[in-house]
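Examination of the molecular architecture
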Amino acid sequence: MLNFLPKPLLGVLNSLLLAVNTVFWCVLLYIPGILKLIIPIRAWRVFCIRLIIGISQCWVACNSGWMRLTHRTTWDVSGVEGLSREGWYLVMSNHQSWVDIFALQHIFNRRIPFLKFFLKQELIWVPVIGLAWWALDFPFMKRYSREYLQKHPEKRGEDMEATRRACEKFRYTPVSVMNFPEGTRFTPEKHDSQKSPYKHLLRPKAGGTAFVLEAMGDTLSTLLDITIAYPNGRPGLWEFMCGRVTHIVIRVEQVPIPQHLLGGNYNEDENHRQQVKQWQEALWERKDRLLDELKSKD
């Protein structure tokens, strides 16, 4: 409706709308977040979590509102039929841009449980939204380099324990655990430096997937395998805010998680580690072929 405005003006307008929307809903979210902390009764905590999620869904819905108001985007989405808001999902996607997060929240809002991402521990200090992520029980992870672990072996396994503690909170309300196995946004430079065997993807890291399956193996049963493509080129966040992203393609496939991958010990069991890696790589090979098909239609 407002996409006739000059693109830089749209960028400023959308940035303001996003900021105001975020501050408004986050302030509301803090109230049940604090109440959840000070009254450690499970039934009360579950009630507060559901209230927090409802507020977060309103935040996403308002983001979708300004996107419809200012963007002229063609959404080519398939595979979202038959999803449930009462299920527990592992959601896995390729990662090309910050726009991916807006797109995934847009298509999944109120279709499946609210998406929860694994975040670096430092992000808890992001103004306004860092505290909201904490209230939403987003898992904050502290990763150690291989060199650091060699000097401090007592820290080995702390990331898995943090994942397990975070996932324990997900057992009492339906959740969608979001994972970008590539670990970073795709760029040609990263692709070349990795010597990735895939044409359109970076090498996937199986550790994050394995940790979730180990911590929640008796709860999760379905993987939502997401493939995102931008026919007009991989956009930056500012391009998106300016309304220059005119076409987004998303394919969703529901994939049963093999029973032998649920549970297990990724760090200690070499056979289990190889099985998870092989499963992840098979998914990535199929995703790479799908991206090839989607790009050949451009």
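Above this text sits the structure in question.
**Looking at the sheet that holds strand β6 (residues 176–179)**
The 6 strands lie next to each other as β1-β8-β7-β2-β6-β3, forming an open sheet whose pairing is mixed. Two strands bound the open sheet, and with one partner strand each, they are β1 (74–78) and β3 (115–117). Averaged over all neighbouring strand pairs, the angle between strand axes comes to 25°, with direction disregarded. Judged from the 5 bridges that link them, strand β2 (residues 89–93) and strand β7 (residues 222–229) form a sheet pairing that is parallel. Note that in β7 the partner of Met92 across the bridge is Asp225. On the sheet, helix α10 (residues 270–296) packs against β2, β7 and β8 (247–256) and is oriented at approximately 35° with respect to β7.

**Quick notes on α10**
An ideal rise of 1.5 Å per residue puts 39 Å on 27 residues; α10 measures up with 39 Å between its terminal C-alpha atoms. Along α10, the residues classified as buried are His272, Arg273, Val276, Trp279, Gln280, Leu283, Trp284, Lys287, Asp288, Leu291 and Leu294. In this fold, the buried residues of α10 make contact with β2, α8 (206–216), β7 and β8. Taking the backbone nitrogen of Asn271 as reference, a side-chain oxygen 3.1 Å away marks Asp269 as the first, capping residue of α10.

**Regarding a nonpolar patch on the surface**
Together, Phe24, Leu28, Ile31, Ile34, Leu35, Leu37 and Ile38 make up a nonpolar patch on the protein surface, roughly 660 Å² of accessible area in all. By secondary structure assignment, the location of Leu28 is in helix α1 (residues 7–38). You can call Leu28 partly exposed: its relative accessible area is 35%.

**A few points about the packing of aromatic side chains**
Using the criterion set out here, one finds 8 aromatic pairs in the structure. Measuring from ring centre to ring centre gives 5.2 Å for Phe102 and Phe240, while their planes differ by 35°; the resulting arrangement is tilted. Here Phe102 is found in helix α3 (residues 99–108), whereas its partner Phe240 is found in helix α9 (residues 237–241), with 138 residues between them in sequence. Under the relative-accessibility criterion, Phe102 is labelled buried at 13%. What makes Phe240 buried here is its relative accessible area of 2%. Ring geometry for Phe117 versus Phe180: centroids 6.2 Å apart, planes at 25°, classification stacked. A residue pair is termed long-range when its members are at least 10 positions apart, and Phe117 in strand β3 and Phe180 in the loop between β6 and α7 (188–194) qualify at 63 residues. For Phe117, a relative accessible area of 9% corresponds to the buried category. Through pairs of rings, three or more aromatic residues link up here, namely Trp66, Phe102 and Phe240. The lysine or arginine in question, Lys36, covers the ring of Trp134, its NZ or CZ lying 5.6 Å from the ring centre.

**Quick word on the nonpolar core**
Phe108 and Ile226 are the most contacted members of the largest nonpolar core, which totals 47 residues. For this core, the element with the highest residue contribution is helix α2 (residues 42–70), accounting for 8 residues. Beyond its immediate stretch of four places on either side in the chain, Ile226 contacts Val91, Met92, Ser93, Asn94, Leu104, Phe108, Ile250, Arg251, Val252 and Lys287. Val177, Leu220, Leu261 and Trp279 belong to the second largest nonpolar core, which has 30 residues in total.

**Describing the pattern of salt bridges**
Taken as a whole and assessed by the stated rule, the structure comprises 6 salt bridges. In this structure, the salt-bridge partner of Lys199 is Asp292, at a minimum N-O distance of 3.2 Å. Of the two residues, Lys199 is situated in the loop between α7 and α8 and Asp292 in helix α10; the sequence distance between them amounts to 93 residues. Residue Lys199 is classed as exposed on the basis of its relative accessible area, which comes to 54%. A relative accessible area of 32% means that Asp292 is categorised as partly exposed.

**Thoughts on the environment of Val177**
By the secondary structure assignment, Val177 is in strand β6. Once the C-alpha coordinates of Val177 and Leu90 are considered, the two residues, 87 residues apart in sequence, prove to be 5.0 Å apart. Once you skip the residues sitting within four places of it in the chain, Val177 turns out to touch Tyr89, Leu90, Val91, Lys116, Phe118, Phe170, Val212 and Met216.

The rules behind each value
- What you see as residue numbers is a count from 1 along each chain, following the sequence as written.
- In keeping with the predicted nature of the model, local features appear solely for residues at pLDDT of at least 70, side-chain atom pairs appear and are counted solely at 80 or more, and the whole-chain, interface and lining totals rest on all residues.
- Computation of side-chain values: all heavy atoms of the structure, hydrogens and water removed.
- We treat two strands as partners when DSSP finds at least two bridges between them.
- Segments assigned H or I by DSSP are reported as helices when at least four residues long, segments assigned E as strands when at least two residues long, and all are numbered from the N terminus.
- Working convention: axes come from line fits to C-alpha atoms, limited for helices to the stretch in contact. Angles between N-to-C directions cover 0 to 180 degrees.
- Whether two residues touch is decided by their heavy atoms; if any such pair falls within 4.5 Å, the residues are in contact.
- Given a helix with a known number of residues, its expected span is that number minus one, times 1.5 Å.
- Burial here depends on accessible area, computed with a 1.4 Å probe over protein chains only, as a share of the maximum for the residue type. Under 20% is buried, over 50% is exposed, and the range in between is partly exposed.
- In the analysis that follows, any N or O atom pair within 3.5 Å is treated as a polar contact, provided that within protein one partner can donate a hydrogen and the other can accept it, and provided that, for residues neighboring in sequence, both atoms belong to side chains.
- Candidate patch residues must exceed 30% relative accessible area and have no salt bridge, after which like charges are joined if within 9 Å and Val, Leu, Ile, Met, Phe, Trp or Tyr side chains if within 5 Å.
- Computed with a 1.4 Å probe, the accessible areas rest on the Shrake-Rupley method; for each residue, only the protein chains presented here act as cover.
- Any Lys or Arg side-chain nitrogen found within 4 Å of a carboxyl oxygen on Asp or Glu counts as a salt bridge.
- Pairing of aromatic rings covers Phe, Tyr and Trp, the last counted by its six-membered ring, and requires centre-to-centre distances within 6.5 Å; plane angles under 30 degrees mean stacked, over 60 mean edge-to-face, and any other angle means tilted.
- Counted as over-ring charges are cases with an Arg CZ or a Lys NZ within 6 Å of the ring centre that also lie within 35 degrees of the ring normal.
- By nonpolar core we mean a set of buried residues, namely Ala, Val, Leu, Ile, Met, Phe, Trp, Tyr and Cys, connected to one another through side-chain atoms within 4.5 Å.

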